[in-house]
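Breakdown of the fold
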Amino acid sequence: MHRISIYIISIIIILQTSLLAYSSDPKNFVNELVNDAISKLSDKNLTKDEKANFIEKIALENVDINALGLYTLGELRKSSSENDISNYQNSFKRYFLKSLTSRLTDYSSSKFEIISAEKKSTSYTIVSSKISPIDGGPEIKIDWRIYTKNPEKPLIRDLIVEGLSLARTQKEEFASILNSNNNDIRILISKLDEFVND
Amino acid sequence: MKLDKNIKIFISVLGIVFFLGQNAQATEECFEKTSRAIFKFNLTLDNYIFEPVAKGYNKLPNPIKTGTSNFTSNLGTLLSIPNNLLQGNLKQLGHSIGSFAINTTVGILGFLNPAERIGLKPHKEDVGQTLGSYGFGPGCYYVLPILGPTTARDSIGLIADTFVDPFAHVTIREHEMFGLSGNSLDYYSFKATDAVDFRADNDQNFESLKKNSIDLYSSMKSIYLQDRENKINNSTKEEDDWGNLDN
């Protein structure tokens, strides 16, 4: 009986994991992920906390948060100590997840459509898409920078909304904070922590 | 006459700043402390005036909002026409002239947008973009009271806009054109309506940005500069500086 229970639990876990894994083709990966997110976030039976947990889970699995953190740090990533980088990465991850959930939990339903995908190199594919709010608002063009170094596991590195790169905006925001604080990474870390604990 | 003299002085000052800033990076600031103070003032103004007006505007029935947006967009096309010509962009010139002619007539003074349904989608163009397309760099960055983020090049463009825009000729300079006349109030009312429409359209985005930025001033600067770059290139070319992150 004990063995059967373990067997059933294992199958459930495997099934859940396979349900959460999206396609390895960048175009299908974005399509499946966004449609999954749209259906969950527009589900009125889910609480705000459940939606926030869902967003965190898919972000941790499908966004290259570590690389995004390093990118937004700019040149300082080359001169900072390993310990500082590791502290920064931890703070950045918490900052990113908090800011993402805050942006998405109040999401209202939209229609999502993939337009095209362009392979830029072995490492990157840009997937172009558009999102049309159901309330008739103007449609929004979104390009997804997908990191494909591991072809089996594509990861999102940037969103370019109507030509505005979120990663670049974040990088320039951090650069300004660093510039006015003698390039002290610890001050940036403390500002990120302040945001998370606020 | 006095106004013309002031404009000349302002252009000369900006010209000096602009040419001094020719080699400056777009990210370089002219007077950051002052800009940050003006930015703070603009935010307060936004909290007390623009945001409540935009929220009220967003409560209007959809046909009124869309009609207003179409109307300001159509009048804005008048500025795009000479700029398309100055940029030698004949395709866009066709889109702008066609769109303005159809929307002003069939589209009842621009409140409707039948031109879009037949594939005419004019880009918004101004003198700042035209100068950018000629290869002039942005010069340094700063913030103007009420008008918001700008660069030396775009400030010159902003003034030059009033010289090439036929609507500005009819209104600000009170020159009659095709039997139409107007005054400064018409011009500034149009600009204010356009600004409210833009603010209302971006209300949620702005709220989200305010809530999630550690340094809102820098986020707005980055967004402004990226947007101007895209408009000058007429594309959404993304910067590929991810290269050495391939771990």
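Residues numbered from 1 in each chain as written. Chains lettered and ligands numbered in written order. Predicted model: local features only at pLDDT ≥ 70, side-chain atom pairs only at ≥ 80, totals over all residues. Heavy atoms only, no water.

Section: the overall build of chain B
For chain B, the count of helices and strands is 11 helices and 2 strands. The secondary structure elements of chain B, listed N-terminal to C-terminal, are α-α-α-α-α-α-β-β-α-α-α-α-α. In chain B, which comprises 247 residues, the proportion classed as buried is 43%. Residue pairs in contact within chain B that sit at least 24 positions apart in sequence constitute 65% of those at least 6 positions apart. Accessible surface computed for chain B: about 13,700 Å², of which carbon and sulfur atoms make up 63%. (Helix = DSSP H or I, 4+ residues; strand = E, 2+ residues; numbered from the N terminus. Buried < 20%, exposed > 50% of the residue type's maximum accessible area, 1.4 Å probe, protein only. Contact = heavy atoms within 4.5 Å. Areas by Shrake-Rupley, 256 points an atom, 1.4 Å probe, with all protein chains shown as cover.)

Focus: the confidence of the model for chain A
The pLDDT averaged across chain A works out to 87; a share of 87% of its residues lies at or above 70. Contacts of residues 14-18 of chain A to residues separated by more than four positions or lying in other chains number 0 contacts, the stretch itself having pLDDT below 50. (pLDDT = per-residue confidence, 0-100.)

Concerning a nonpolar patch on the surface
A cluster of nonpolar side chains, namely B:Phe41, B:Ile146, B:Leu147 and B:Leu158, defines an oily patch on the protein surface of about 410 Å² accessible area. Position of B:Leu147 among the secondary structure elements: in the loop between β1 (141-144) and β2 (148-151). (Patch = residues over 30% accessible without salt bridge, like charges linked within 9 Å, V, L, I, M, F, W, Y side chains within 5 Å. Salt bridge = Lys/Arg side-chain N within 4 Å of Asp/Glu carboxyl O.)

What to know about the state of the cysteines
Covalent bonding between the sulfur atoms of two cysteines is what defines a disulfide. All names here are of chain B. Per the stated rule, a full pass over the model turns up 1 disulfide over all chains. In this model, Cys 30 is linked to Cys 140 through a disulfide, with the two sulfur atoms separated by 1.6 Å. Within this pair, whereas Cys 30 is found in the loop between α1 (2-20) and α2 (32-58), its partner Cys 140 is found in the loop between α6 (127-133) and β1, the two being separated by 110 residues in sequence. With a relative accessible area of 25%, Cys 30 lands in the partly exposed category. (Disulfide = S-S within 2.5 Å.)

Brief notes about the packing of aromatic side chains
Residues and elements named next belong to chain A. Applying the stated rule across the entire model yields 17 aromatic pairs over all chains. Through pairs of rings, three or more aromatic residues link up here, namely Tyr 88, Phe 92, Tyr 95, Phe 96, Phe 174 and Phe 195. It is Arg 157 that lies over the ring of Tyr 147; its NZ or CZ is 3.5 Å from the centre. (Phe/Tyr/Trp six-rings, centres within 6.5 Å; stacked < 30°, edge-to-face > 60°. Lys NZ or Arg CZ within 6 Å of the ring centre and 35° of its normal.)

Notes on the side chain of B:Asp154
Relative to the helices and strands, B:Asp154 is located in helix α7 (residues 152-164). Among all residues touching B:Asp154, those that are not within four sequence positions of it are B:Gly128, B:Tyr224 and B:Arg228.

A closer look at the packing of helix α3 (residues 62-87) of chain B against helix α9 (residues 184-201) of chain B
Residue and element names in this part refer to chain B. Their axes nearest at 10 Å, the elements α3 and α9 cross at an angle of 125°. Taken together, the axes of α3 and α9 are oblique relative to one another. For the element pair α3 and α9, the recorded crossing hand is left-handed. Within the contact between the two elements, α3 uses Lys 65, Thr 68, Ser 69, Thr 72, Leu 75 and Gly 76 and α9 uses Phe 190, Thr 193, Asp 194 and Asp 197. Looking at the contact of α3 with α9 residue by residue, the classes come out as 2 nonpolar, 5 polar and 3 charged. (Axes fitted to C-alpha atoms, helices over the stretch in contact; angles between N-to-C directions. Parallel < 35°, antiparallel > 145°, perpendicular 65-115°, else oblique. Left-handed = near helix turned anticlockwise from the far one by under 90°. Nonpolar A, V, L, I, M, F, W, Y, C, P; charged D, E, K, R; others polar.)

Quick notes on the confidence of the model for chain B
Chain-level pLDDT for chain B is 87 on average; 85% of the residues reach the 70-or-more range. Reported confidence for the predicted complex is 0.80 by ipTM and 0.84 by pTM.

Notes on the interface of chain A and chain B
Taken together, the 38 residues of chain A in the interface contact 26 residues of chain B. For the pair chain A and chain B, the two sides together bury roughly 2,900 Å², of which 48% comes from carbon and sulfur. Sorting the residues of chain A by area buried against chain B places A:Tyr71, A:Arg168 and A:Glu173 first, and these three jointly supply 20% of that buried surface. Remark: the boundary between chain A and chain B carries 1 salt bridge. A salt bridge links A:Arg168 to B:Glu229; its shortest N-O distance comes to 3.2 Å. Linking chain A to chain B there are 13 residue pairs in polar contact (both at pLDDT 80 or more). When residues in the side of chain A that touches chain B are grouped by element, the largest group, 9 residues, is from helix α7 (residues 166-179) of chain A. For the side of chain A that touches chain B, the residue count by class is 15 nonpolar, 7 polar and 16 charged. (Buried area = accessible area lost by both parts, 1.4 Å probe. Polar contact = N/O pair within 3.5 Å; in protein donor to acceptor, adjacent residues only side chain to side chain.)

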